[in-house]
Amino acid sequence: MFNNLTNYEDDPIEALFKRIGADKSVDKIDLGIGVFRDQSGQVPVMQAVVEAEQQLLKQNASKSYMSPLGNMDYCADMERSIFGADHEVLQRIVSAQTPGAGAALRGAAEFVQSLSPKATVWFGSPCWGHQIEFFERAGLSVKQYRYYNRAAGKLDFTGMLEDLSALQEDDVLLLHGCCHNPTGEDLSLSQWQRIAEVVREKRVVPLVDIAYQGFGSGIDEDVAGVRLLAGQVPQLILTVSSSKTFGIYRERAGLLSIVHQANASADSLRRKLRDTLRQLYFMAPNHGAAIVHEILSSETLQQLWRDELNAVRHQIVEMRGALKVTLEQVNPSFDASFIQRQKGMFSCLPLSAAQQLRMEQQHHIYMLPNARVNVAAMSTEQSKALANAFAAIIGE
Ligand SMILES: Cc1ncc(COP(=O)(O)O)c(C=O)c1O
């Protein structure tokens, strides 16, 4: 059984980690993995999380199993955090707490496959590579629509609409709620409106994945698009990550929600969701979800968390501004305004795969495919090194 293995070596993210590990330069810069770092290079733990954990410890709560649907208090909190307390979809939603949004996406893939195995799932090009993998592994067909023009540094909305004209009934349209990974390029509210029309015309199911609420324009501002869309379409799948928003990456808390038509049976959907997740990984972990609930159910902790998350966003916005200026200073003919305009952790530099490899070999700077750089993991010194290396590479 364990002989003749075919190793899965093509995953570009795993391959990058290996190259970073093998590079012994003291000056190497890792702009790959999606974590927020403070200016000292640490991945900080929020004070709100520390205090919530202390309170949880005092409660000495049971560690017995919950259910495959996870922590229901967390689900209610997250539904309100995404849609607001008064949104009408709260009357037609069933949710599960999952081990992160990765598991929520994998669960969504299994859920869709079991109900509609012939559905095609549509992803933007480019998109976060693992997303495609989750759906392909569930046996679904996948296609990509144009989303971003890297050379021009902007959204290709015309190309996107042209490609979406091929959507078939019951296909799934995957959208990023905010802070698009990897491009940082988000839809405007009028573009979300147009997408709502396409969804209704084509009778497809949108799947909105939100991993960076609060990292773009604000905690509520970042979910304005999904709020608009959800109010205008009969059905929607939602996946949410608490990894970045609460800085609890390894605790694995996420949300998988199904927004259904008012006349659908919520009870049947909930049972279907529970069975799907149980067959996939049996039970959800609780610690991360319990931390989030502790924070969101206390006015003081919630305010502390909001302040800390706002500070993270301000650091990212400042770094984007500084990187734009530095890039333009060392490359006078290069327009880097897209870096400042884009939102969240990531932006893609206009570098070919070969140029990206030279960045690694000559300058020890590591990025993910599509020359995706994590602006939220960069110190001021590193942003200068990146700008200089970029100038050297494009000047070759
Ligand atoms: C768009 C997107 N969705 C989902 C995830 C997965 O997040 P989690 O850590 O909650 O599994 C990520 C993580 O990078 C992401 O960028």
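(A) Representation of the domain arrangement of the protein chain. Split into domains, the protein chain comes out as domain 1 (12-45 + 313-395) and domain 2 (65-297). Measuring from the centre of the C-alpha atoms in domain 1 to the corresponding centre in domain 2 gives 28 Å. Contact with domain 1, which involves 23 residues of that partner, is made by 23 residues of domain 2. Together, the buried faces of domain 1 and domain 2 total about 1800 Å²; carbon and sulfur atoms form 53% of this surface. Along the contact surface separating domain 1 from domain 2 lie one salt bridge. Across the pair glutamate 185 and arginine 341 runs a salt bridge, and its minimum N-O distance is 2.6 Å. Inspection of the domain 1/domain 2 interface yields 13 residue pairs in polar contact (both at pLDDT 80 or more). Contributing elements (two or more residues each) for the side of domain 1 that touches domain 2: α11 (299-330), α12 (337-341) and β11 (346-348). A breakdown of the residues in the side of domain 1 that touches domain 2 according to their chemical character gives 14 nonpolar, five polar and four charged.

(B) Spatial organisation of the pattern of salt bridges. Applying the stated rule across the entire model yields 15 salt bridges. A single salt-bridge network, built from bridges that share partners, covers Arg146, Glu162 and Asp163.

(C) Focus on helix α5 (residues 129-137). Residues of α5 that are buried include every one of His130, Gln131, Ile132, Glu133, Phe134 and Phe135, and no others. Each element contacted by the buried residues of α5 is listed here: α1 (12-22), α4 (100-115), β3 (120-125), β4 (141-146), β7 (172-176) and β8 (205-210). Directly after α5, the chain includes glycine 139, whose backbone phi takes a positive value near 90°.

(D) Looking closely at the sheet that holds β8. Strand order in the open sheet formed by seven strands is β2-β10-β9-β8-β7-β3-β4, with mixed pairing between adjacent strands. Lying at the two open borders of the sheet, with one neighbouring strand each, are β2 (93-98) and β4. Going from strand to strand, the sheet's axes swing by 20° on average, the running direction of each strand aside. Its contacts with the sheet put helix α7 (residues 189-202) on β7 and β8, and the angle it makes with β7 is roughly 170°. Across the sheet, helix α9 (residues 266-281) lies against β2 and β10 (254-259), angled at about 20° from β2, the strand it touches most.

(E) Local environment of the packing of aromatic side chains. Under the definition given, this model contains eight aromatic pairs. Between tyrosine 212 and phenylalanine 215, the ring centres sit 6.1 Å apart and the planes meet at 70°, which makes this aromatic pair edge-to-face. Each residue in the set Tyr212, Phe215 and Phe346 is aromatic and connected to the rest through ring pairs, giving one cluster. For the cation-ring pair, arginine 372 lies above phenylalanine 346, with the distance from its terminal atom to the ring centre recorded as 3.5 Å.

(F) Geometry of the packing of α4 against α5. Close contact between α4 and α5 brings their axes to 8 Å; oriented N to C, the two are set at 35°. Regarding α4 and α5, the two cross each other, and that crossing is right-handed. Here α4 contributes Gly102, Leu105, Arg106, Ala108 and Ala109 to the contact with α5, which in turn contributes Gln131, Phe134, Phe135 and Arg137. Split by residue class, the contact of α4 with α5 holds five nonpolar, two polar and two charged.

(G) Focus on the environment of valine 330. As for its placement among the helices and strands, valine 330 is situated in helix α11. For the pair valine 330 and methionine 345, spaced 15 residues apart in sequence, the C-alpha separation works out to 23 Å. Not counting residues up to four positions away in its chain, the partners in contact with valine 330 are Ala387, Asn388 and Ala391.

(H) Representation of the nonpolar core in the model. Leu238, Ile295, Leu349 and Leu386 are the most contacted members of the largest nonpolar core, which has 91 residues in total. With eight residues, the single largest contributor to this core is α11. For this core, the two domains that each supply at least three residues are domain 1 (12-45 + 313-395) and domain 2 (65-297). Excluding residues within four positions of it along the chain, leucine 349 makes contact with Arg150, Leu327, Ile339, Met367, Asn370, Ala371, Val373, Leu386 and Phe390. Counting 28 residues, the second largest nonpolar core, distinct from the first, contains Val121, Cys127, Phe134 and Leu207.

Analysis parameters
Residues numbered from 1 in each chain as written. Predicted model: local features only at pLDDT ≥ 70, side-chain atom pairs only at ≥ 80, totals over all residues. Heavy atoms only, no water. Domains from an automatic or database assignment. Contact = heavy atoms within 4.5 Å. Buried area = accessible area lost by both parts, 1.4 Å probe. Salt bridge = Lys/Arg side-chain N within 4 Å of Asp/Glu carboxyl O. Polar contact = N/O pair within 3.5 Å; in protein donor to acceptor, adjacent residues only side chain to side chain. Helix = DSSP H or I, 4+ residues; strand = E, 2+ residues; numbered from the N terminus. Nonpolar A, V, L, I, M, F, W, Y, C, P; charged D, E, K, R; others polar. Buried < 20%, exposed > 50% of the residue type's maximum accessible area, 1.4 Å probe, protein only. Pairing = 2+ DSSP bridges. Axes fitted to C-alpha atoms, helices over the stretch in contact; angles between N-to-C directions. Phe/Tyr/Trp six-rings, centres within 6.5 Å; stacked < 30°, edge-to-face > 60°. Lys NZ or Arg CZ within 6 Å of the ring centre and 35° of its normal. Left-handed = near helix turned anticlockwise from the far one by under 90°. Core = buried A, V, L, I, M, F, W, Y, C linked by side-chain atoms within 4.5 Å.

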